[in-house]
Amino acid sequence: MKSEQSTTDQPPRYLTSVIKMLVAPHQREEILGDLQERYARRVQLQGASKARRRYWLESLAYMRPAFIKRKKTEYPSTGRRSASIYSHDMIRNYFKIALRNLRRQKVSTSINVIGLAIGLATCILIMLYVQDELSFDRYNEKADRIFRVGLKVRLNGEDVGGPMLGISAARDLQQEFPEVLKATRIRNQGGEFVSYGTTSFKEEYLLSVDSSFFEIFTIPFLKGDPKRALTEPNTLVLTEETARKYFGDQEPIGKVLVFGSEKTPYRITGVVRNVPVNSHFRFNMLTSLAGYDEQHTGWIYSINFYTYLLLPEKYDYKKLEAKITRLAENQIGGELQSWLKLTPKQFREKGDDFGVFLQPLTDIHLYPLSSRGELMPGGDIRYVYVLAAIAAFMLLIACVNFMNLSTATAVGRSREVGVRKVLGSVKGQLQQQFLIESVLLAVVALMVGLLLVGVALPFFNQLTGKFLTLNLLANSLIAAGLVAGTVLVGVLAGSYPAFYLSSFKPVLVLKGRVTAGRGSLNLRSGLVVFQFFVTIAMIIATITADRQLRYMRSQKLGYDREQVLVIHDTHMLRNNEAVFRGNIIQSPLIVMGSISGQVPVGNSAMDTSPIMSKENPDQSVMSRFYYVDDAYIPTLGMRVVQGRNFSKSFSTDASAVILNETAVRTLGWQKNPIGRELIGHTDDNGVKTYYRVIGVVEDFHFESLKQKIGPLVMFLGRNSGNILIKTRTNKLPQFLASLKQKWESFSPAAPFSYSFLDDRFEQVYVSEQKIEKVLTLFSSLTIFIACLGLFGLATYTAEQRTKEIGVRKVLGASISSVVALLSKDFIKLILIALVLASPIAWWSLTQWLNDFAYKITIDWWIFALAGLLAIGIALLTVSFQSIKAAMMNPVKSLRSE
C-alpha cells in the first residue's frame, strides 16, 4: 500500500525524461525542482489526477524555444561554433530573407504563384467533386449493411437484367433467410399529378415504399411516427419542403392529397427531412405499398420493384448471395418454365442464363447496373478515377514548374550562395532557407488558389451538375489537411532546388562558373517530358471525346427529330385526349400529330418481353414493345421498307404488328416477313392470340447510341401519355402560347408541359457532354501550366548558353539560326512525350469507346494533331526567351568577369 502511494506521488517519469533531454543544461535543475515541488503540493490539495494534468501543462510551457537547448554547429572553414540552425531567431531570419528574395524576383515569383495556385485550385475543385461522388448514400447509419438485390438475365446474347425484381421477392427473401433482418421495396411512381384544393403539382420524385423503409434507411421524422406512418393503404409521408409547398405554415398531418385523374385520396401521416442530394434515390413524397397487389406473387412478375435487404453487422454478403442463387433457381426457373415453356436446363442450353446478385448500397451510384432502370442517373467510377488523376497531374505539373523555374533562376542566386558559404553558412542552413522560401510561396499560392476556387465554384457546379461548397470553417479537419498538404507541396516542389542550389561550390560560383551537370539536366528534361506527356494525352482525349459526341449528334437515327414537339401528360385529359389532338392538328402550323406513351429518346414507357413465332414457338426473342397509333410512323418520318403502316381502314389491324429490321433478322424472316404470325398472350382457357406482321419499319434508335438497336414490335392500340406533333413554324413563342391556351381550355388543373425531341436527344448524352467540357477545361489549364514550366526551362537554357550564343553571333550566326538552335531541344522533348503518351491514350480511349455500340475510330491524325498543337504551343512559349537571347549584344555576353 505504501509503495502504491509513493508511485502516485511521483510525476510522470517519461515527461520528466523529455524535459531533461530538451531543456538547456543550466536551466534543467531549477525547472525540474520547481515542477516537482508544485506537483507534490497539488497532490495533497487537489488529488493526483488534477496534479498530473497541471504538470503536463506546465511542462509544455517549458518546451518553448527560449528554454530548449541549442545544438552547436561547427563551421568547417573556421572551426567556430554557432547557434543551432533550428533556433527561433534563425528561422525568423530565414523568413525575412525569403520575403525579400520573393519581392525582388517578381517575375519568377508571379509565375510560380500563378502555376501553384491554379494547380491547387484545380486539385481542390476535383477533390470536392470526388468526395461528393464517394459520399453517396453514406449518410445512412446502416449503409455498410444495406444491399440491393439485382436480377441477372441473359437472353439471345443480350443482357436484359437490371436493379429491379418482382413483387414478392422481398417477402420471400425475409421469410427464407434468417440473416435477412429486414427487407423493403421501392417502386418509382414519378410523374403523378397531385392536388390539394385548387393547388396541383406534377410530382416527379414520388416513391411507393413498404413501412420497413424507415427501419433500413436513415430518414429523420419531423412529425409523425415512423413505425406506423405507412402501415395502412393510401397513406402518405411528405418531405418538409413539399409540405411547405402545399400547406405553407399549416399543419399537414391528417390532411388529404388527391392523386391522378382517378382522384385517389391519400392521408398524410408524417413529415420527414429532405433526402440528401448525395443519395441514389430522391423523393418528395412516399406512399404506402400496404395491400398493393397482395394477390400476385413471383420474382419476374411485374418487375418494377427495387428490393433492399438489411444484413447483420460484419456479415459476408457473398454467403447470402450464394444461398439466394439457389432460391432464385426455384423461383425464377419455375416462372420461366410457365412463361417460355422451358426448363432452366433447356434455357441455359440455348446459351441464355438467369440469376440474382447483391449490390452494396454504397456501390449503387458509381457502379450502376445498367443505363436504364435506375432511380436516379448514376455516376461512373472511371470518371472519378480520371478526374482524380487529372488533379494529381495538375499538382505535379505545378511542382515541376516550380523546380524548373527555381533552377532557371539559380544562376542569379549563385553568388549569394557562394558569399554565404564563404561567410560560414553550412549546407543545411542553405537548404532550410530555400525550403522555407518554397513553403512560403506555396502558402501564398494556396491563398490565391482559394480565391480562384471561390470564383470558379459556381461555374464548376454548373458544369458538373453538383451543389459543391467550400466551407473550411465548418470542417477544421479539412482545413488542417489543406494547410498540411500545401506545406508538403511546398517541401516537395522546393526540395530539388534547395539541394541543387546549396550544392554550389563557392570558388566556382564567385568566378561566375556555374554548371548544371548532366544529372540535373536530365532531370529537368525528364520533368518537361512528363509535363507534355500529360498535356498531349489530355489533348488527344479532348479531341476524341469531341469527335464521339459530334458523331452521335450526326448519326442517322431513323426518325426525324427536328421540329417535333412532345406534349407531356396528355393522359390527364382522359377521354378528351383524342379530341384535343384532333383540335390542335387542324392548325396549318402542324403537319401531323400522334398519341403514344413511347418517345424514341429519353424516359418513356416501354415494355420488354419475349416474342415467339408461330412457326417455331420454342425460339423466343427478347423484344421492346411500342404501342402506337396510325399517325406515329409518319409523324416521326420513319420509313416503312416492307408492307404497310397501320390504317384505320383495316379493322384487322387491331391484331397486326409492325417489326423493325433487327426483329426480322433475329427471327430469321429476312426473305418474306409479311403475313407471318407471332404468338401473343394465352388466356385462362389455354387459347392463344396471334399477331400478323403487316409491315417492316427501318431500324431507328429508340435508345442511346451506347446500345445496339434491338428487336422492336409495334402494336396498334390506345396508349396515352404524350402527343407528338410535327410543326412547320419559325414563330415558336406564339405557337406555344396558342397551344397552352387550348390546353388550359381542356385541362385547367394540370399545367401545360412540353419538350422538343432534339432537346430530349441531347439530354441522353449529358454525362458525356459534361466529361468533354471538363476535359476541355482542364486540358487548357494543363497546357497553360506546362507553358509556364517551359518558360522557366527556356529562361534557364538561354542563361546557360549566353556565351555560346555570343560566340555564334560573332562568327556570323543569324537570329533565326540561334532561335532554331534553342528551340530544337524542346521539340525533341515534346516528340518523346508524344511517343510515350500516344499508346497509353489510345488504350484508355479505346476502353471508353467500348461503352458505345456506335463509335468513331481513333485515327492516326488525332495523335499527329495533338503533337503539332503541343509543338506549336511550346514554340510560342520559348520564342520570347529565344529571340531575346539571340538579339543580345555579343560583346555583353562575352564579357569576362
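A few points on the structure. (Residues numbered from 1 in each chain as written. Predicted model: local features only at pLDDT ≥ 70, side-chain atom pairs only at ≥ 80, totals over all residues. Heavy atoms only, no water.)

1. Regarding the side chain of histidine 280
Defined as follows: Here a helix means four or more residues in a row that DSSP labels H or I, a strand means two or more in a row labelled E, and each is numbered from the N terminus. We call a residue buried when its accessible area falls under 20% of the maximum for its residue type, exposed when it is over 50%, and partly exposed in between, using a 1.4 Å probe and counting protein chains only. The term polar contact refers here to a pair of N or O atoms within 3.5 Å; inside protein, the definition further demands a hydrogen-donor-capable atom paired with an acceptor-capable atom, and it admits residues adjacent in sequence only when both atoms are side-chain atoms. When checking whether two residues touch, look at their non-hydrogen atoms; a contact exists if any pair is within 4.5 Å.
You can see histidine 280 is positioned in the loop between strand 12 (264-272) and strand 13 (285-288). Classification of histidine 280 by relative accessible area gives buried; the value is 4%. Of note is the side chain of histidine 280, whose polar atom sits 2.7 Å from the side chain of tyrosine 308. With residues near it in sequence (within four places) discarded, histidine 280 still touches Phe136, Asp137, Arg148, Tyr308, Leu361, Ile364, Leu375 and Met376.

2. Topic: the packing of helix 18 (residues 577-584) against helix 21 (residues 732-746)
The following threshold applies: Axis geometry follows a simple rule: fit a line to the C-alpha atoms, using only the stretch in contact for helices, then measure angles between N-to-C directions, giving values from 0 to 180 degrees. What sets the label is the angle itself: under 35 degrees gives roughly parallel, over 145 gives roughly antiparallel, 65 to 115 gives roughly perpendicular, and the rest give oblique. The hand of a helix crossing depends on one turn: near helix anticlockwise from the far one by less than a right angle means left-handed, and clockwise means right-handed. When residues are grouped by polarity, Ala, Val, Leu, Ile, Met, Phe, Trp, Tyr, Cys and Pro land in nonpolar, Asp, Glu, Lys and Arg in charged, and all others, Gly among them, in polar.
Where helix 18 contacts helix 21, the two axes come as close as 11 Å, and the packing angle between them is 150°. By the angle between their axes, helix 18 is roughly antiparallel relative to helix 21. The chirality of how helix 18 crosses helix 21 is right-handed. Each of Val579, Phe580, Asn583 and Ile584 in helix 18 lies in contact with helix 21, whose residues at this interface are Leu739, Lys742, Trp743 and Phe746. Taken together, the residues of the contact of helix 18 with helix 21 sort by class into six nonpolar, one polar and one charged.

3. Comments concerning the pairing of strand 6 (residues 192-196)
The two faces of a sheet get side chains in turn, since along a regular strand they alternate between them. The criterion, for reference: A strand pair is defined by DSSP finding two or more bridges across the two strands.
Inspection of the sheet shows strand 6 paired to strand 7 (residues 199-203) by five bridges, in the antiparallel sense. When the sheet's bridge partners are listed, phenylalanine 193 is paired in strand 7 with lysine 202. Between strand 6 and strand 7, which pair antiparallel in sequence order, lie two residues; one of them, glycine 197, sits at a positive phi of approximately 65°. With two bridges joining them, strand 6 and strand 11 (residues 256-259) adopt antiparallel strand pairing. Across the sheet, residue valine 194 finds its bridge partner in strand 11, namely phenylalanine 259.

4. Overview of the packing of aromatic side chains
Keep this limit in mind: Stacked, tilted and edge-to-face are the three classes assigned to paired rings of Phe, Tyr and Trp, where Trp is represented by its six-membered ring and a pair needs centres within 6.5 Å; plane angles under 30 degrees give stacked, over 60 edge-to-face, the rest tilted.
Counted according to the given criterion, the structure contains 30 aromatic pairs. Look at phenylalanine 201 and tyrosine 246: their rings are 5.1 Å apart centre to centre, the planes differ by 80°, and that puts the pair in the edge-to-face class. With a gap of 45 residues between them, phenylalanine 201 in strand 7 and tyrosine 246 in helix 9 (residues 240-247) connect regions that are remote in the sequence. Note on tyrosine 246: relative accessible area 6%, which makes it buried. Ring geometry for tyrosine 627 and phenylalanine 715: centres 5.3 Å apart, planes at 20°, overall stacked. Here phenylalanine 715 lies in strand 24 (residues 712-716) and tyrosine 627 lies in strand 19 (residues 620-628), a separation of 88 residues in the sequence.

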